Amino acid sequence: MPLLPILHFPDPRLRRPALPVEAVSDEIRQLAADMLDTMYAAPGRGLAGPQVGVMLRLFVIDVTWKEGTPDPRIFINPEILDASDAMHTGTEGCLSIPGIPVEVTRPAEVTLRWIDPDSGQRTERLTGDAAICAQHELDHLNGRLIIDLMDEGARLAASPVLAAMGCA
Ligand code: ZN
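All figures in this text were calculated on a predicted structure; none of them were measured in a lab. (Residues numbered from 1 in each chain as written. Predicted model: local features only at pLDDT ≥ 70, side-chain atom pairs only at ≥ 80, totals over all residues. Heavy atoms only, no water.)

A. Here's a closer look at the packing of aromatic side chains. Taken as a whole, this structure holds 3 aromatic pairs when the rule is applied. Seen from their ring centres, Y40 and W65 are 5.0 Å apart, and the 80° between their planes marks the pair as edge-to-face. With Y40 in helix α1 (residues 26-41) and W65 in the loop between β2 (58-61) and β3 (73-83), the pair connects residues that are 25 residues apart, well separated along the chain. Judged by relative accessible area, W65 falls into the partly exposed class, the value being 22%. Aromatic side chains F75 and W114 sit 4.7 Å apart centroid to centroid with 45° between the ring planes, which places their arrangement in the tilted category. A residue pair is termed long-range when its members are at least 10 positions apart, and F75 in strand β3 and W114 in strand β6 (residues 110-116) qualify at 39 residues. An identical accessibility class is assigned to F75 and W114; each is buried. By way of ring pairs, the aromatic residues F59, F75 and W114 are connected into one cluster. (Phe/Tyr/Trp six-rings, centres within 6.5 Å; stacked < 30°, edge-to-face > 60°. Helix = DSSP H or I, 4+ residues; strand = E, 2+ residues; numbered from the N terminus. Buried < 20%, exposed > 50% of the residue type's maximum accessible area, 1.4 Å probe, protein only.)

Now the structure itself:
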């Protein structure tokens, strides 16, 4: 299966909100499979449509494959129905902003509703790495990047690198 080129910041497509997937067609299934292959090859734990220039609301994650237990998951038209009051702070990287780890604080758990290509509409409470990774990827569908979530000090420290990438 073909690997897809991953867009890098500051490509403007990373800033545009993505559109809903209208039907789970064969093309969408193939796209999701290619996105998983691309994610594994990168190597990463999540990849969203806009990161490969596809402005549709879908992303893939696998938060355990690097530990030797692959668990590929495909999320189409995901929506957060509920987020925990408990927050989680951790370091996140992004395949579209290589070399810039960012400390990000997010809700520790989220209830997500989405369409799975095999089992249809699903609702599930995500916890742990899956909750964090899914929120990171869902942000991509809304044009939001981890550098938007930096605090002022981190932004200042990263600004020479970001400037070198084309965003002063
Ligand atoms: Zn990312």
